Amino acid sequence: MAWLQRELRQWQEEGVVDALLAERIAGRYAAGRGMALGRLALGLGATFVGIGLIWLVATNLDQLSPLTRIVGVTAVWLSAVVIAEVLAHRSALATAAARLIAALAAGAVVFQAAQSLQVPAYTPSLLGVWAAGVLAYTYATSGVGPLIVAIVTGTGWYAWYVGERTGDPALIAASLVLAAAVGTAIAALHESRWRRPFARPWRQVGALLALVGLFLVALPSTDRPQSIPLLLWVGIAAAGLIGGLALALGDRQGRHEVLAIGAVTAATLSLLAWSPVDPGQSGLTAMQLIHAVVATAVYVLTAAWFAAVSALHDDPHLMTLSTGALVVFVTVQSFAIFAPLLSGAALFLVLGVVFLATGGLVIRGRRRLMAPTSEV
Amino acid sequence: MNRSRAILVAVAVVVQVLLVVVGVAPQLSARLTGTEYRFAVGPVDPIDPFRGAYVQLGYPGLPVDESGIEGDAYIPLTRDGATDLWRGTAIQRLRPDRGPFLACHTEGYGPPRCGIESLFLSEEGARQVADELRANRVVAVVRVDSRGNAAIVRLVTS
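Conventions we followed
- Residues numbered from 1 in each chain as written.
- Chains lettered and ligands numbered in written order.
- Predicted model: local features only at pLDDT ≥ 70, side-chain atom pairs only at ≥ 80, totals over all residues.
- Helix = DSSP H or I, 4+ residues; strand = E, 2+ residues; numbered from the N terminus.
- Contact = placed C-beta atoms within 7 Å.
- Nonpolar A, V, L, I, M, F, W, Y, C, P; charged D, E, K, R; others polar.
- Pairing = 2+ DSSP bridges.
- Axes fitted to C-alpha atoms, helices over the stretch in contact; angles between N-to-C directions.
- pLDDT = per-residue confidence, 0-100.
- Buried ≥ 20, exposed ≤ 12 C-beta atoms within 10 Å, placed from the backbone.
- Parallel < 35°, antiparallel > 145°, perpendicular 65-115°, else oblique.
- Left-handed = near helix turned anticlockwise from the far one by under 90°.

## Digging into the overall build of chain B
Along chain B, the regular secondary structure elements total three helices and 10 strands. The N-to-C order of helical and strand elements in chain B reads α-α-β-β-β-β-β-β-β-β-α-β-β. If one aligns the C-alpha atoms of chain B with their principal axes, the spans along those axes are about 65 × 40 × 30 Å.

## Things to note about the interface of chain B and chain A
Tallying the contact residues gives 35 residues for chain B and 32 residues for chain A. In terms of residues, the side of chain B that touches chain A owes the most to one element, helix H1 (residues 3–23) of chain B, which gives 13 residues. Split by residue class, the side of chain B that touches chain A holds 21 nonpolar, eight polar and six charged.

## Comments concerning the sheet that holds strand E10 (residues 150–157) of chain B
All names here are of chain B. One open sheet accounts for three strands, arranged E1-E9-E10; its pairing is antiparallel. The open sheet is flanked by strand E1 (35–40) and E10, the only strands paired with a single partner. Across this sheet, the average inter-strand angle for adjacent strands is 30°, counted without regard to direction. In the sheet, E1 pairs with strand E9 (residues 138–144) via six bridges, with the strands oriented antiparallel. What sits directly across from Ala 40, in E9, is Val 139. This element, helix H2 (residues 25–33), spans E9 and E10 of the sheet and lies at about 60° to E10.

## A few points about the sheet that holds strand E7 (residues 101–106) of chain B
Residue and element names in this part refer to chain B. A sheet is described by the order of its strands in space; here three strands give the open sequence E6-E5-E7, paired in antiparallel fashion. Strands at the two margins of the open sheet, each flanked by one partner only, are strand E6 (85–88) and E7. In this sheet, adjacent strand axes meet at a mean angle of 35° when their direction is disregarded.

## Structural notes on the pairing of E10 of chain B
Residues and elements named next belong to chain B. By the bridge criterion, seven bridges tie E9 to E10 in an arrangement that is antiparallel. Its bridge partner lying in E10, Val 144 is registered against Ala 150. Between E9 and E10, which pair antiparallel and follow one another directly, the connecting turn spans five residues, one of which, Gly 148, has a positive phi of 90°.

## Some words on the confidence of the model for chain A
Per-residue confidence for chain A gives a mean pLDDT of 83; residues scoring 70 or more make up 88%. Across chain A, the element-wise mean pLDDT spans from 70 in helix H13 (residues 344–375) of chain A up to 93 in helix H5 (residues 124–141) of chain A.

## Focus: the environment of Val 110 of chain A
As for its placement among the helices and strands, Val 110 of chain A is situated in helix H4 (residues 92–116). Given 32 C-beta atoms within a 10 Å radius, Val 110 of chain A is considered buried. Separated by 56 residues in the primary sequence, Val 110 of chain A and Ile 54 of chain A place their C-alpha atoms 9.6 Å from one another. Among all residues touching Val 110 of chain A, those that are not within four sequence positions of it are Leu 126, Val 129 and Trp 130 of chain A together with Val 20 and Gly 23 of chain B.

## With respect to the pairing of strand E5 (residues 71–80) of chain B
Residues and elements named next belong to chain B. Across six bridges, E5 lies against E7 in antiparallel orientation. Bridge assignment links Ile 75 to a residue of E7, and that residue is Leu 102. When E5 meets E6, the two strands line up antiparallel, connected through four bridges. Looking across to E6, one finds that Thr 78 is bridged to Arg 87.

## Quick word on the packing of H4 of chain A against H1 of chain B
It is at 10 Å that the axes of H4 of chain A and H1 of chain B come closest, and there the two elements cross at 30°. Comparing the axis directions of H4 of chain A and H1 of chain B gives the class roughly parallel. Helix-helix and strand crossings are classified by hand; for H4 of chain A and H1 of chain B the assignment is right-handed. On H1 of chain B, the residues touching Ala 106, Val 109, Val 110, Ala 113 and Ala 114 of chain A of H4 of chain A are Gln 16, Val 20 and Gly 23 of chain B. Residue classes in the contact of H4 of chain A with H1 of chain B are distributed as six nonpolar, two polar and no charged.

Right under this line is the structure:
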């Protein structure tokens, strides 16, 4: 609101708006803030109810038989689905809250079914089943809340599944970047063709997965993978197929984003294939140093690209994600590089200077990126 | 609620129910079509973040893999006349022609995972069962279907 008041004062001074119009604009935003609070309360309430339901399943109430528990949880889930549809033409906020409860309650149904039938603990496919089901519900209802649940659970399942199956950091990194390419391509398709509100969550998860994957690639301990498993070929095929669709059907900006994530994927796979083998001697070899420098450059360029994309789409969450990722990356890399060379006070002094420089660049970069959009 | 939206939501609900069934299919099949077998069990431990307290079970009567080769594994079962409990004779890579046998997955080392390694209970129940397991007073009742899918049904005091 402080930003708006400042702008309104400036517009009045420039004669763009008069005092009455400025007051009406400010009043509209005050009402909007009230709605935002209502939305926040409903969103939090729905999230708490959904998580509470899953928690209730986890407490394993042995006073009730397994059959009674599964029937009860299913009844809550179906009630939320029906209530959401009944409310669909009356209140958008209440509908969104009911859909969010339905998406989380679907998870409670999955876990209760597994509980009742004694499916072994730590089975990742249960999370995958929940994510796939909620994704179907998301596209049937156009609910953004369920989409976020589907993306979070789907990403969790994917990372868990890949980690469990391969156990190889290099393959995990490659899988994450391929999943990022799929997410970005889906975002580009949504942005230009169908259900624009879905573009933002898909774009954010694409950026998150790409930055996490590249982070792993840039770690010096990552070895070259011995062979490429089927799981990775499936990822390459999916990324190629959906990326091709997005290039053919997306708008100009979407195509740029797909081409950029394609370049990031190619760079990741090349860095993994080129990973110099550690000869076992102390310190880094020249080849390992070049690899680390190239990986760092790719990471920084990718984070900067996502920051630029966030400015183009006016997405503050994506901006926070990309700048935050950059700060974490610089922190970890600084410790990795300077800790073996310096100790005590010198280490803190050098790291302090590196962090100050990073912080200054991030703030300056954010200002410069956000300036053109705020002037439009 | 318009008609096409209602149909879409109904289809999504059916898809979700089918996915749940697929997710628990081995245990569901074992419970609906399987036969009961009794195994000796021992405690191992813990907690699943989504599903709460459980007892991690070890089966002294089933073989441990030392091959170093990951993949599907099958354990033929034979009845031990002295204890009247069932034991696994060996781990084999090809599905046996006839049962009873357990269909498992092995990491190449340690006990293969056959879907009967955990029993979910309330926290208090899990504590009690863990005590009884430590005293070696418990056997596991497991249902196994013709394809080797297994589901633990209950623990009983021996």
